[in-house]
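Spelled out from the first residue to the last, the chains are:
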2 protein chains.
Amino acid sequence: MKLSNTNQRRIIIEELRKLDTHPTADELYIIVREKIPQISLGTVYRNLELLSKKGQILKLELTGKQKRFDGNIENHYHLRCTKCGRVVDIEIDDMLEIDKKLNELVDRLSLDGYRLELSGICEICKTEK
Amino acid sequence: MKLSNTNQRRIIIEELRKLDTHPTADELYIIVREKIPQISLGTVYRNLELLSKKGQILKLELTGKQKRFDGNIENHYHLRCTKCGRVVDIEIDDMLEIDKKLNELVDRLSLDGYRLELSGICEICKTEK
DNA sequence: TTAAAATTTGATAATAATTACTATTACTCT
DNA sequence: AGAGTAATAGTAATTATTATCAAATTTTAA
Ligand SMILES: [Mn+2]
Ligand SMILES: [Mn+2]
Ligand SMILES: [Zn+2]
Ligand SMILES: [Zn+2]
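Residues numbered from 1 in each chain as written. Chains lettered and ligands numbered in written order. Predicted model: local features only at pLDDT ≥ 70, side-chain atom pairs only at ≥ 80, totals over all residues. Heavy atoms only, no water.

1. Section: the interface of chain A and chain B
Item 1. Each side of the interface is counted separately: chain A has 27 residues, and chain B has 28 residues.
Item 2. When the two sides are added together, the surface that chain A and chain B hide from each other amounts to roughly 2400 Å², 60% of it contributed by carbon and sulfur.
Item 3. Counting across the interface, chain A meets chain B through 6 salt bridges.
Item 4. The closest approach of N and O atoms between A:R108 and B:D94, which form a salt bridge, is 2.3 Å. (Contact = heavy atoms within 4.5 Å. Buried area = accessible area lost by both parts, 1.4 Å probe. Salt bridge = Lys/Arg side-chain N within 4 Å of Asp/Glu carboxyl O.)

Printed below as a string of structure tokens:
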């Protein structure tokens, strides 16, 4: 099935792509309402789900009860801050090697993939005493 | 605060330790009711939460909406089956190396830890059909 | 041993996050 | 433009989990 071009859908992707905060559906809903005040929360949920199925965005099912979404579909890793709960992108060279090893494992065992989540204190929490 | 010795708590740990299926709270509730028919679901939730905080069991927050629990607190890895949804233990030599690398990373960046979940078809689904 | 203090329980209510439903509206394709 | 398909807003329902609280059980310590 192909996706129609609706205003709602376009704004949802646009606004998500502006963020690096990995918002939850309700967080993005608040932002999108500034552009389309009458949009419903269900529409945001529905589209985030659809878009992630189509591979246009990422759905992050990490620890914590709410799903989060990411407009950046490049292969990268996330750190969940144990203090503030933020999910932040992590850029480490070592990851390349670990990623390689994990992909080898996945290939050899004919698996689908893996999900890796680091946890610790984020940079923001580190700097602000 | 120390935990009292209640019959409910004892049976919950006992039954969980007999399983390698990583049951959800409601799945374990059904099993425990065979020993203590009047036990309430809230008691099962409460105790699983407490016991995991005390480190006596593991709480697995993997993909999927329900939390799962594990009586085996040894360091080991899990595979979520994309077909049947089961969570199964995975025993692979490679994991040792990957684990080592990940722990090095965690140490060097002063993180807390990491969470890794593999996904693919489990052995049971592979053999049947 | 016993009684007060602390903890836990079962029952139930409440909450949080997500999904389902549906009449109406918007897109798409010709 | 008009038929056919898909999506929307608004709302209800569902699912998983947590909270509340009086009664029961367990612990502590006299
Ligand atoms: Mn990201
Ligand atoms: Mn296990
Ligand atoms: Zn933080
Ligand atoms: Zn399976």
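After that view of the structure, there is still more to cover.
2. Brief notes about the protein's contact with DNA strand D
Item 1. Residues in close proximity to DNA strand D total 19 residues, the closest being A:R9, A:T43, A:R46, B:Y45 and B:K67.
Item 2. Restricting attention to atoms of DNA strand D within 4 Å of the protein, one finds that 84% of them are sugar or phosphate atoms.
Item 3. In this structure, a phosphate oxygen belonging to DNA strand D sits 3.2 Å away from a main-chain N or O atom of A:S40.
Item 4. Secondary structure elements with two or more residues in the surface near DNA strand D: α1 (7-18) and α3 (41-53) of chain A.
Item 5. Split into classes, the residues belonging to the surface near DNA strand D amount to 3 nonpolar, 10 polar and 6 charged. (Near = heavy atom within 4 Å. Polar contact = N/O pair within 3.5 Å; in protein donor to acceptor, adjacent residues only side chain to side chain. Helix = DSSP H or I, 4+ residues; strand = E, 2+ residues; numbered from the N terminus. Nonpolar A, V, L, I, M, F, W, Y, C, P; charged D, E, K, R; others polar.)

3. Thoughts on the sheet that holds strand β5 (residues 113-120) of chain A
Item 1. Spatial ordering of the open sheet is given by β4(A)-β3(A)-β5(A)-β5(B)-β3(B)-β4(B), a layout of 6 strands whose pairing is mixed. Edge positions in the sheet fall to β4 (87-90) of chain A together with β4 (87-90) of chain B, since each has one partner strand and no second. This sheet shows a mean twist of 35° between the axes of neighbouring strands, independent of strand direction.
Item 2. Of the pairings in the sheet, the one linking strand β3 (residues 77-81) of chain A to β5(A) comprises 4 bridges and is parallel in character. Within β5(A), the position partnered with A:R80 by the bridge is A:S119.
Item 3. Against the sheet, helix α4 (residues 94-108) of chain A contacts β3 and β5 of chain A together with β5 (113-120) of chain B, and its axis sits at roughly 145° relative to β5(A).
Item 4. Seen against the sheet, helix α4 (residues 94-108) of chain B touches β5 of chain A together with β3 (77-81) and β5 of chain B and runs at an angle of roughly 145° to β5(B). (Pairing = 2+ DSSP bridges. Axes fitted to C-alpha atoms, helices over the stretch in contact; angles between N-to-C directions.)

4. Description of the coordination of the manganese ion (ligand 2)
Item 1. Within the first shell, the manganese ion (ligand 2) binds the protein through B:H22 (NE2), B:D70 (OD), B:H76 (NE2), B:H78 (NE2) and B:D89 (OD), at distances of 2.1 to 2.2 Å.
Item 2. According to the relative accessible area criterion, B:D89 is partly exposed, its value standing at 35%. (Donors = N, O, S within 2.8 Å, 3.2 Å for Na, K, Ca; no water. Buried < 20%, exposed > 50% of the residue type's maximum accessible area, 1.4 Å probe, protein only.)

5. A word on the domain arrangement of chain A
Residue and element names in this part refer to chain A.
Item 1. Domain assignment breaks chain A into domain 1 (1-73) and domain 2 (75-129).
Item 2. Computed over C-alpha atoms only, the centres of domain 1 and domain 2 are separated by 22 Å.
Item 3. Domain 1 puts 12 residues into the contact, and the matching count from domain 2 is 10 residues.
Item 4. For the pair domain 1 and domain 2, the summed buried surface comes to about 870 Å²; carbon and sulfur atoms form 48% of the total.
Item 5. There are 0 salt bridges connecting domain 1 and domain 2.
Item 6. Between the two partners, domain 1 and domain 2, sit 8 residue pairs in polar contact (both at pLDDT 80 or more).
Item 7. Taken together, the elements giving at least two residues each to the side of domain 1 that touches domain 2 come down to β1 (58-60) and β2 (68-70). (Domains from an automatic or database assignment.)

6. Section: a negative patch on the surface
Residues and elements named next belong to chain A.
Item 1. Together, D20, D89, E91 and D93 make up a negatively charged patch on the protein surface.
Item 2. Tracing the sequence through the fold places D20 in the loop between α1 and α2 (25-32).
Item 3. A relative accessible area of 57% places D20 in the exposed class. (Patch = residues over 30% accessible without salt bridge, like charges linked within 9 Å, V, L, I, M, F, W, Y side chains within 5 Å. Areas by Shrake-Rupley, 256 points an atom, 1.4 Å probe, with all protein chains shown as cover. Lys, Arg positive; Asp, Glu negative; His and termini not counted. Charge placed at Lys NZ, Arg CZ, Asp CG, Glu CD.)

7. Some thoughts on the coordination of the zinc ion (ligand 3)
Residues and elements named next belong to chain A.
Item 1. At the metal site, the zinc ion (ligand 3) is ligated by C81 (SG), C84 (SG), C122 (SG) and C125 (SG), and these contacts range over 2.3 Å.
Item 2. Counting residues between consecutive donors of the zinc ion (ligand 3) along the chain gives the motif C-x2-C-x37-C-x2-C. Of this pair, C81 sits in strand β3 while C122 sits in the loop between β5 and α5 (123-127), placing them 41 residues apart in sequence.

8. Notes on unusual backbone geometry
Item 1. At A:H22, a residue that is not glycine, the phi angle is positive and equals roughly 50°.
Item 2. Looking at the element boundaries, A:H22 is found in the loop between α1 and α2.
Item 3. Residue A:H22 is classed as buried on the basis of its relative accessible area of 1%.
Item 4. Residues other than glycine seldom take positive phi values, yet B:S110 does so here, at roughly 50°.
Item 5. With respect to the helices, strands and loops of the structure, B:S110 is situated in the loop between α4 and β5.

9. Thoughts on the pairing of β4(A)
Residues and elements named next belong to chain A.
Item 1. Relative to β4, β3 runs antiparallel, the two sharing 4 bridges. Directly across from R80, in β4, lies its bridge partner V87.
Item 2. Hairpin remark: β3 followed by β4, antiparallel, with 5 residues in the connecting loop; positive phi at G85, about 85°.

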